[in-house]
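Working through the structure, step by step
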Amino acid sequence: MTDASAPTDLSPAERAKRAAAARALNYVETGMTLGLGTGSTADWMVRLLAERMKAEGLRVIGVPTSTRTAAQASALGIPLSTLDDAGWLDLTIDGADEFDDARRLIKGGGGALLQEKIVAAASDRMVVITDPSKHVERLGAFPLPVEVVRFGHETTARLIARVLDEHGLGGRRIALRGGPSGAFVSDEGHHILDLHLGAIPEPERLNTALNVVPGVVETGLFCGIASAIVVGYEDGTARVIGEQ
Ligand SMILES: O=C(CO)[C@H](O)[C@H](O)COP(=O)(O)O
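These numbers were taken from a predicted model, which means no experiment stands behind them.

Attention now moves to the sheet that holds strand β11 (residues 191-196). Spatially, β8-β11-β7-β12 is the arrangement adopted by the four strands of the open sheet, whose pairing is antiparallel. On the outer flanks of this sheet lie β8 (173-176) and β12 (216-219), each paired with one strand and no other. The sheet shows a mean angle of 25° between the axes of neighbouring strands, taken without regard to direction. Sheet analysis places strand β7 (residues 144-148) next to β12, joined by three bridges and oriented antiparallel. Bridge assignment links Glu147 to a residue of β12, and that residue is Glu218. Contacts from helix α5 (residues 113-121) reach β7 and β12, with the element oriented near 65° to β12. Sitting on the sheet, helix α7 (residues 203-211) is in contact with β7 and β12, with an inclination near 165° to β12.

Next up on the list: the UniProt feature "active site" (unreviewed entry) in the protein chain. This chain's UniProt record puts "active site" (unreviewed entry) on Glu116. Tracing the chain through its elements places Glu116 in helix α5. Not counting chain neighbours up to four residues away, the residues in contact with Glu116 comprise Gly37, Thr38, Thr65, Asp94 and Lys107.

Turning our attention to the domain arrangement of the protein chain. According to the domain assignment, the protein chain consists of domain 1 (12-136 + 224-242) and domain 2 (144-217). Placing a centre on the C-alpha atoms of domain 1 and another on those of domain 2 gives a separation of 25 Å. The interface of domain 1 with domain 2 comprises eleven residues on the first partner and ten residues on the second. Counting residues per element, the side of domain 1 that touches domain 2 draws most heavily on α5, at three residues. By residue class, the composition of the side of domain 1 that touches domain 2 is four nonpolar, six polar and one charged.

As a further point, take the packing of helix α2 (residues 40-56) against helix α3 (residues 67-75). Between α2 and α3, the shortest axis-to-axis distance is 10 Å and the interhelical angle comes to 20°. When the interaxial angle is binned, α2 and α3 end up roughly parallel. Every pair of crossing elements has a handedness; the one defined by α2 and α3 is right-handed. Counting all contacts with α2, which are made through Ala42, Asp43 and Val46, the residues of α3 involved are Thr69, Gln72 and Ala73. A class-by-class count of the residues in the contact of α2 with α3 yields three nonpolar, two polar and one charged.

The next point concerns α5. Each turn of an α-helix holds 3.6 residues, which means side chains three or four residues apart point in the same direction. In terms of burial, α5 is largely enclosed, as seven of its nine residues are buried. When α5 is considered as a whole, its buried residues turn out to be Leu113, Leu114, Gln115, Glu116, Lys117, Val119 and Ala120.

Definitions and limits used
- Residues numbered from 1 in each chain as written.
- Predicted model: local features only at pLDDT ≥ 70, side-chain atom pairs only at ≥ 80, totals over all residues.
- Pairing = 2+ DSSP bridges.
- Helix = DSSP H or I, 4+ residues; strand = E, 2+ residues; numbered from the N terminus.
- Axes fitted to C-alpha atoms, helices over the stretch in contact; angles between N-to-C directions.
- Contact = placed C-beta atoms within 7 Å.
- UniProt positions renumbered as here; feature names shortened; annotations may be inferred.
- Domains from an automatic or database assignment.
- Nonpolar A, V, L, I, M, F, W, Y, C, P; charged D, E, K, R; others polar.
- Parallel < 35°, antiparallel > 145°, perpendicular 65-115°, else oblique.
- Left-handed = near helix turned anticlockwise from the far one by under 90°.
- Buried ≥ 20, exposed ≤ 12 C-beta atoms within 10 Å, placed from the backbone.

What follows is the structure, encoded as structure tokens:
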């Protein structure tokens, strides 16, 4: 169903993101503790959530997955908690950079993958909000973000290259995320290596192998975590893959 309340001046891409976010809010019930994702699609979800809280008296407590989302949510008046104070969450709603038919994801384009994974893992359900441009047959066209400690990060990259070799992904480019002003630093004070893999033959196996490399904190591969994927479309409709 299209959303008649959607602003008419949005670009097609923003309409799709908004549609996914609006549909995902159907999972939210009053009294829930809710993980709040990071990124431009999650941004819509936080905005629409705040609107519903004001308009309908919906009560939730949010656990943000980044300083960016924390700032947005508190500016909009959403009550927040830390993950440890909340303990366990009813639901997390977050975006993704890629998803496949097995509901596996690549996340971390916005650099918040570590907190996003911890929060999602501590939730009864993770609902992903996305659009058709992120659907892939095989994960890996989007460079895989891997969060690493700053100490010895070039050595960690070499150790990762060895793992890639063993997984039939030898010679792939590994880039330290950053720009002219220096390397990107995550909310937890780490760097991110973007692995340009093209296609990942066995995401679960690669995730396990990367996570035991000394210096690796976490990967952006989310396997077996998302319970539903809400795909929003430019016409304002949305479709759910997985748990309704
Ligand atoms: O994983 C993320 C941040 O770390 C984001 O959810 C992902 O990058 C998608 O962002 P967007 O909705 O802006 O496309």
